[in-house]
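Overview (structure and organization)
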Amino acid sequence: MANLIDGKLISTQIKDELKEEAAQLKAKGIEGCLAVIQVGSDPASSVYVRNKKRACEYIGIRSLSYELPEETTEAELLELIGKLNADKSVNGILCQLPLPKHIDEDKIIDAIAPQKDVDGFSPQSVGAMVIGKPGFLPCTPAGVIQLLKRSNIDIEGKNCVVVGRSNIVGKPMAMLMLRENATVTVCHSRTKDLKAVCSQADILIVAIGKPLYIDSSYVKDGAVVIDVGIHRDENNKLCGDVNFDDVAPKASYITPVPGGVGPMTIAMLMSNCVESMKKSL
Ligand code: NAP
């Protein structure tokens, strides 16, 4: 049976370290402030936003909340971001995605000043990550790297297969694994014989967005399996992209859902906020 990678425990350790750092920065007169923008009232987004604000409170960072109506125009949102970019007391800006259809998400992400882009989604942040320059890393993939490192799992030289190539998970995940010297293969919906490719992985990272898609027939004996997916099944229970019960006996390490990658995303957001505070030193 695989060892469980406990994302809840690891994320708490990280948040406790950050709390300490934030207190030290505060003692030097540097206050943290994250502006959290939500447009509309999508229930899942409201849960994420609430959890992010709670994490700020835990770490000791002020959070400013902007809950805007669904009808907010792109111009109004851009104006708010402009004001927050110029506000010296704000060191992080987060605009909860997805945005309503009448707002161009790329335009909004682009408008956030790179030095306040704590989600790590802006083209500048992504470019810096690709060429190995300092900048904010996207939170979910950065969280996966922390899970692996803090579980003492070697990455260097390992065959890593990332399933999924979205801009927020799959692509940056592949880049960060490459940065850690893994040999990386990226799979997507057009990949021929996904099973054969996944079966070669020492580390299999799954971000497909399809509940329980990966079973043990995709997994090499002793592989490390990281499940990024989050879904609710027919009984309203959380599950991932990986069929945990089927895969766990074959893997050496595995993340559960819930309690695996999920809690790491917010911990890494907090880490980016503290990094942003340090820039005012
Ligand atoms: P996404 O934008 O829908 O991307 C899914 C990717 O999977 C695409 O690249 C797609 O390929 C690929 N794919 C779909 N079906 C496939 C198949 N049958 N075989 C191989 N590849 C396939 O999803 P996402 O935003 O990356 O999110 C993925 C999952 O992670 C979702 O369940 C999401 O809820 C979860 N998530 C969790 C966190 C967290 O904090 N834990 C954060 C973000 C996302 P194409 O590019 O060819 O279409």
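Structure shown above.
Everything in this summary refers to the structure shown in the same document. (Residues numbered from 1 in each chain as written. Predicted model: local features only at pLDDT ≥ 70, side-chain atom pairs only at ≥ 80, totals over all residues. Heavy atoms only, no water.)

A few points about the sheet that holds strand 4 (residues 92–95)
Selection rule: A pair of strands is considered paired only if DSSP assigns at least 2 bridges between the two. Numbered from the N terminus, helices here are DSSP runs of H or I no shorter than four residues, and strands are runs of E no shorter than two. Note on definitions: angles span 0 to 180 degrees between N-to-C directions of axes, and those axes are lines fitted to C-alpha atoms, for helices only across the stretch in contact.
With respect to topology, three strands assemble into an open sheet ordered 3-2-4, the strand pairing being parallel. Both outer strands of the open sheet, strand 3 (62–68) and strand 4, are each paired with one neighbouring strand and no more. Strand-to-strand, the axes of this sheet are offset by a mean angle of 15°, without reference to chain direction. As paired strands, strand 2 (residues 33–39) and strand 3 are joined by seven bridges and run parallel to one another. Residue pairing across strands places Ala35 opposite Leu64, the latter belonging to strand 3.

Some remarks on the packing of aromatic side chains
Our working rule: Aromatic pairing here means that ring centres of Phe, Tyr or Trp (its six-membered ring) are within 6.5 Å. Orientation follows from the plane angle: under 30 degrees is stacked, over 60 is edge-to-face, and everything else is tilted. Only when the NZ atom of a Lys or the CZ atom of an Arg is both within 6 Å of the ring centre and within 35 degrees of the ring normal do we say a charge sits over the ring.
Evaluation of the coordinates by the stated rule reveals one aromatic pair. A centroid spacing of 6.2 Å and a plane angle of 50° characterise the contact between Tyr213 and Tyr218, whose relative ring orientation is tilted. In this arrangement the basic side chain of Lys15 is found over the ring face of Tyr58, its NZ or CZ atom lying 5.8 Å from the centre. Over the ring of Phe136 we find Lys279; its NZ or CZ atom is 4.1 Å from the centre of that ring.

Observations regarding the pairing of strand 8 (residues 224–227)
What counts here: Note on classification: 1.4 Å probe, protein chains only; a residue is buried when its accessible area is under 20% of the maximum for its type, exposed when over 50%, partly exposed between these limits.
Residues Val224 and Ile226 point to one face of strand 8 and Val225 and Asp227 to the other, with burial holding for every one of them. Bridge analysis of strand 7 (residues 203–206) against strand 8 gives four bridges, and the strand direction is parallel. If you follow Val206 over to strand 8, its bridge partner there is Asp227. In this structure, strand 8 lies alongside strand 11 (residues 253–254), joined through two bridges in parallel fashion. Pairing of Val225 across the sheet is with Ile254, part of strand 11.

A look at the environment of Ile266
The following threshold applies: Residue contacts follow a heavy-atom distance rule, with two residues in contact if any of their heavy atoms lie within 4.5 Å.
For Ile266, the location among the structural elements is in helix 10 (residues 262–278). Residue class for Ile266 comes out buried when judged on its relative accessible area of 15%. Dropping the residues within four chain positions of it, Ile266 is found in contact with Asn51, Lys52 and Ala55.

Description of the site of the ligand
We apply this condition: Any residue with at least one heavy atom within 4 Å of a molecule or strand is counted as near it. Identification of polar contacts relies on pairs of N or O atoms within 3.5 Å, with a donor-acceptor requirement for protein atoms, meaning one able to donate a hydrogen and the other able to accept it, and with residues adjacent in sequence counted only if both atoms are side-chain atoms. Method for areas: the Shrake-Rupley scheme with a 1.4 Å probe, in which residue coverage is limited to the protein chains shown. Charged residues are taken to be Asp, Glu, Lys and Arg, nonpolar residues to be Ala, Val, Leu, Ile, Met, Phe, Trp, Tyr, Cys and Pro, and polar residues to be all remaining types, Gly included.
Surveying the vicinity of the ligand reveals 22 residues, the closest of which are Arg165, Ser166, Ser189, Lys210 and Thr265. Residue His188 places a main-chain N or O atom 3.4 Å away from a nitrogen atom belonging to the ligand. Measuring from an oxygen atom of the ligand, one finds a side-chain N or O atom of Ser189 at 2.5 Å. Surface burial for the ligand is 72%, taken as the share of its 940 Å² of free accessible area covered by protein chains. Within the shell around the ligand, the residues separate by chemical class into ten nonpolar, ten polar and two charged.

What to know about helix 6 (residues 139–150)
Helical geometry note: an α-helix holds 3.6 residues per turn, so side chains three or four residues apart project in the same direction. Put simply, the test is: For a helix, the expected span equals 1.5 Å multiplied by the residue count minus one.
Between its terminal C-alpha atoms helix 6 stretches 16 Å, which fits the 16 Å expected from twelve residues at 1.5 Å a residue. Of all the positions in helix 6, only Cys139, Thr140, Pro141, Ala142, Gly143, Val144, Ile145, Leu147 and Leu148 are classed as buried. The secondary structure elements touched by the buried residues of helix 6 are helix 1 (7–27), helix 7 (170–179), strand 7, strand 8 and helix 10. Trailing helix 6 by a residue or two, Asn152 shows a phi angle of about 55°, which is positive.

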